[in-house]
Amino acid sequence: MTTRRKFPAGFLFGAATSSYQIEGAWNEDGKGENIWDTLTHSQPECIKDGENGDIACDSYHLYKQDVRMLKELGARFYRFSISWSRILPTGYTNEINKSGIEYYNNLIDELLSNNIEPMVTMFHWDLPQPLQNLGGWTNSVIADRFEDYAYVLFSHFGDKVKWWVTINEPTSIIMGYSMSIGMAPNVMTPDQGQYLVMHTILLAHARAYRLYDRNFREKQKGKISLAHSFNWFEPKTDSEEDRLSVERTLQMTTGWVLHPIFSSTGDYPPLMKNWLREKCKKEGYKTSHLPEFTAEEVELIKGSCDFLGINHYTTFFVKSGLSGFTLCKDAEITMVQDESFKTAASMWLQVIPSGLRKLLSWISKEYGKLPILITENGYSDHGEINDTDRIDYFNKYLNSLWEAINEDGCNVFGYTAWSLMDNFEWISGYTEKFGLYHVDFSDPERKRTQKRSVKFISQLFKTNEIPLQFTYYYDIMAAQ
Ligand SMILES: O=S(=O)(O)CCCN1CCN(CCO[C@@H]2O[C@H](CO)[C@@H](O)[C@H](O)[C@H]2O)CC1
């Protein structure tokens, strides 16, 4: 299209990373061990290239270079995560690591002196190992530990940090307790395990939110959310059973997280409660795998977000029944891909931009015009400097976002590119690259180099308008 597509005035553009993926200094200056240190050291076979985050991008020492890159991008904010075990080496607040506090204060001050807003993710998967030894997120006591950790963060950084994301991607965290794909802590719990993990995560998130309400909000005036991984789903065929499968998948992956927080009733989605009660009974279990919230817990969680953070990458096609890959076994559905769409270096990531507009409209229909921040969106390749596929991806997804805002009236107030720079991509190690900046992991200096997509993103960030000279034609989904 040749029409100029401008985002609303004041639209917030930024870039994101996470502590374990970029910092390195895994055991430096008093940092404690976390579950990704444990996994990559004791089970390197879980990682595609056997690699780890011991050094990663070495941002613990090179954070000033990272801020320079954000400045060059014209980023309004930087979404980074704080390593729980760098602040609290044992996970408990009996020992607060001064060097950890100092590192994040230095990073925050460097950002603020460059007019870049710090946006802090409190937990991005790197749980202190001692807390995993208690059972990790399957143990509801972690909600208490998370509230204590939140108190330390609000007290030390809340005067300068006005944007908080409590927990990154609850439905990805459960993978480490329920799927044998190698995500930390890589413990296979019985089927009930993933539901205990989500139960604790929702309580932990809400406890941090209410703590902020009670002790900090009046003085610090910040905003808090969580970041939900929301990949869209399309029915594989237009059969009734495939369309029902999509609705069931949406309720049992996204409703699982958002219904307790954003629905008028709170609590888990009725469809999910009924489906699991029937399924567990049929399979001979005494009770449903889904734990129950008390009435006060329903109230504690309901409304516990000032905005909604959405991480979106791709769309899956869903058919009923279990006949292959699925991210929601209990929904009895299978997720397939359509080879007519381009696939990134990450096999799970297909370029289907219409999915972003559709999921935003689904949220509006389900929960109303919530203020939404896209907290992650990006494309992976093998580290090419001339990353035209990444530009094509951003161009298409930003057009889809623009249409959701301007044609569907969705209340999206910002967008975060994943990621500022190439980094440790979890079980894919360094074999898949999401960065706007290339990082040379064979260079002890971890040299950062601008990729071509920086030209596209920096022009977007600075003009608030989708650059036209990069325009490619939309995929067929958007045309339908
Ligand atoms: O192939 S499978 O589907 O069986 C599992 C593969 C592992 N998935 C990949 C996608 N990730 C959600 C996105 O994960 C997010 O997106 C980024 C890119 O992945 C990460 O770097 C960020 O840390 C994370 O917030 C969850 C873990």
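Preceding block: the structure.
Notes on the structure follow. (Residues numbered from 1 in each chain as written. Predicted model: local features only at pLDDT ≥ 70, side-chain atom pairs only at ≥ 80, totals over all residues. Heavy atoms only, no water.)

Looking at the overall build of the chain
Line of reasoning, step 1. Check the secondary structure of the chain and you find 18 helices and 13 strands.
Line of reasoning, step 2. Against the 2.2 N^0.38 benchmark of 23 Å for 480 residues, the chain shows a C-alpha radius of gyration of 21 Å, consistent with a compact globule.
Line of reasoning, step 3. Seen through its C-alpha atoms, the chain measures out along the principal axes to roughly 60 × 60 × 50 Å.
Line of reasoning, step 4. Within the chain, counting contacts between residues at least 6 apart in sequence, those at least 24 apart form 77% of the total.
Line of reasoning, step 5. Total accessible area on the chain is roughly 17700 Å²; 51% of this is exposed by carbon and sulfur atoms.
Line of reasoning, step 6. Taking the 49 positively charged and 62 negatively charged side chains of the chain as two groups, their mean positions are separated by 5 Å. (Helix = DSSP H or I, 4+ residues; strand = E, 2+ residues; numbered from the N terminus. Rg over C-alpha atoms; globule rule 2.2 N^0.38 Å. Contact = heavy atoms within 4.5 Å. Areas by Shrake-Rupley, 256 points an atom, 1.4 Å probe, with all protein chains shown as cover. Lys, Arg positive; Asp, Glu negative; His and termini not counted. Charge placed at Lys NZ, Arg CZ, Asp CG, Glu CD.)

Digging into the packing of aromatic side chains
Line of reasoning, step 1. Applying the stated criterion to the full structure yields 47 aromatic pairs.
Line of reasoning, step 2. Arranged with centres 4.6 Å apart and planes meeting at 5°, the rings of W84 and Y149 form a pair that is stacked. Of the two residues, W84 is situated in helix 4 (residues 84-87) and Y149 in helix 7 (residues 141-157); the sequence distance between them amounts to 65 residues. Comparing W84 with Y149 shows no difference in burial state: the two are buried.
Line of reasoning, step 3. With a centroid separation of 5.4 Å and 70° between ring planes, the pair formed by F424 and Y430 is classed as edge-to-face. Here F424 and Y430 have matching classes, each one buried.
Line of reasoning, step 4. Each residue in the set Y20, W36, W125, F424, W426, Y430 and F441 is aromatic and connected to the rest through ring pairs, giving one cluster.
Line of reasoning, step 5. Residue placement shows R86 over the ring face of Y103; its charged tip is 6.0 Å from the ring centre. (Phe/Tyr/Trp six-rings, centres within 6.5 Å; stacked < 30°, edge-to-face > 60°. Buried < 20%, exposed > 50% of the residue type's maximum accessible area, 1.4 Å probe, protein only. Lys NZ or Arg CZ within 6 Å of the ring centre and 35° of its normal.)

Remarks on the pattern of salt bridges
Line of reasoning, step 1. Taken as a whole and judged by the stated rule, the model has 34 salt bridges.
Line of reasoning, step 2. Residue R4 is joined to E465 by a salt bridge in which the shortest nitrogen-to-oxygen separation is 3.0 Å. Residue R4 is found in the segment before strand 1 (12-16), and its partner E465 is found in the loop between helix 17 (453-463) and helix 18 (476-479); the two are separated by 461 residues along the sequence.
Line of reasoning, step 3. Taking relative accessible area as the criterion, R4 reaches 62% and is therefore assigned exposed.
Line of reasoning, step 4. Residue classification places E465 among the buried residues on the basis of a relative accessible area of 11%.
Line of reasoning, step 5. The shortest N-O distance in the salt bridge between E147 and R207 comes to 2.7 Å. Within this pair, whereas E147 is found in helix 7, its partner R207 is found in helix 10 (residues 193-215), the two being separated by 60 residues in sequence.
Line of reasoning, step 6. Because the salt bridges share partners, they merge into one network encompassing R5, R357, E403, E407 and D408. (Salt bridge = Lys/Arg side-chain N within 4 Å of Asp/Glu carboxyl O.)

Quick word on the site of the ligand
Line of reasoning, step 1. Taken together, 18 residues sit near the ligand, with Q21, H124, E376, E425 and W426 positioned nearest.
Line of reasoning, step 2. One of the side-chain N or O atoms of W418 is found 3.3 Å from an oxygen atom in the ligand.
Line of reasoning, step 3. Contacts to the ligand include W426, whose side-chain N or O atom sits 2.9 Å from an oxygen atom.
Line of reasoning, step 4. Burial of the ligand by the protein amounts to 89% of the accessible area it has alone, namely 600 Å².
Line of reasoning, step 5. Its residues assigned to classes, the shell around the ligand comprises 10 nonpolar, 5 polar and 3 charged. (Near = heavy atom within 4 Å. Polar contact = N/O pair within 3.5 Å; in protein donor to acceptor, adjacent residues only side chain to side chain. Nonpolar A, V, L, I, M, F, W, Y, C, P; charged D, E, K, R; others polar.)

Let's talk about the packing of helix 7 against helix 10
Line of reasoning, step 1. The geometry of helix 7 relative to helix 10 is characterised by a closest axis approach of 8 Å and an angle of 35° between their N-to-C directions. Our pair here, helix 7 against helix 10, has a crossing hand that is right-handed. The residues of helix 10 that touch helix 7, namely those facing I142, A143, D144, F146, E147, A150, Y151 and F154, are T200, L203, A204, H205, R207, A208, L211, Y212, R214 and N215.
Line of reasoning, step 2. Tallied by class, the residues present in the contact of helix 7 with helix 10 amount to 11 nonpolar, 3 polar and 4 charged. (Axes fitted to C-alpha atoms, helices over the stretch in contact; angles between N-to-C directions. Left-handed = near helix turned anticlockwise from the far one by under 90°.)

Considerations on the sheet that holds strand 2 (residues 77-81)
Line of reasoning, step 1. Pairing is parallel in the closed barrel, where 8 strands are placed in the order 1-2-3-4-5-7-10-11. Each strand axis lies, on average, 25° off the axis of its neighbour in the sheet, ignoring direction.
Line of reasoning, step 2. With 5 bridges joining them, strand 1 and strand 11 (residues 412-418) adopt parallel strand pairing. Within the sheet, the bridge partner assigned to A16 lies in strand 11 and is W418.
Line of reasoning, step 3. Most of the contacts of helix 12 (residues 240-262) go to strand 5 (residues 223-229), to which it runs at about 160°, and overall it touches strand 5 and strand 7 (308-311). (Pairing = 2+ DSSP bridges.)

Description of the pairing of strand 3 (residues 117-123)
Line of reasoning, step 1. Taking burial as the measure, the 7 residues of strand 3 include 6 buried ones, the bulk of the element.
Line of reasoning, step 2. As paired elements, strand 2 and strand 3 share 5 bridges and run parallel to each other. When the sheet's bridge partners are listed, F80 is paired in strand 3 with V120.
Line of reasoning, step 3. With 4 bridges connecting them, strand 3 and strand 4 (residues 163-168) associate as parallel partners.

Topic: the packing of helix 12 against helix 13 (residues 270-282)
Line of reasoning, step 1. Where helix 12 meets helix 13, the closest approach of the two axes is 8 Å, and the angle between their N-to-C directions is 115°. As for how helix 12 packs across helix 13, the hand of that crossing is left-handed. Contacts between helix 12 and helix 13 involve E247, R248, Q251, M252, W256 and H259 on the former and, on the latter, P270, L271, M272, W275 and L276.
Line of reasoning, step 2. Residues belonging to the contact of helix 12 with helix 13 are distributed by class as follows: 7 nonpolar, 2 polar and 2 charged.

Brief notes about the nonpolar core
Line of reasoning, step 1. Counting residues in each nonpolar core, the largest one holds 151 residues, and the members touching the most others are W36, W137 and L401.
Line of reasoning, step 2. When residues in this core are grouped by element, the largest group, 12 residues, is from helix 10.
Line of reasoning, step 3. Residues within four places of W36 in sequence aside, it is in contact with Y20, I47, W125, D126, G182, M183, A184, F424, W426 and I427.
Line of reasoning, step 4. In this structure, F77, M119, V165 and F413 belong to the second largest nonpolar core, which totals 9 residues. (Core = buried A, V, L, I, M, F, W, Y, C linked by side-chain atoms within 4.5 Å.)

These figures capture arrangement, not role.
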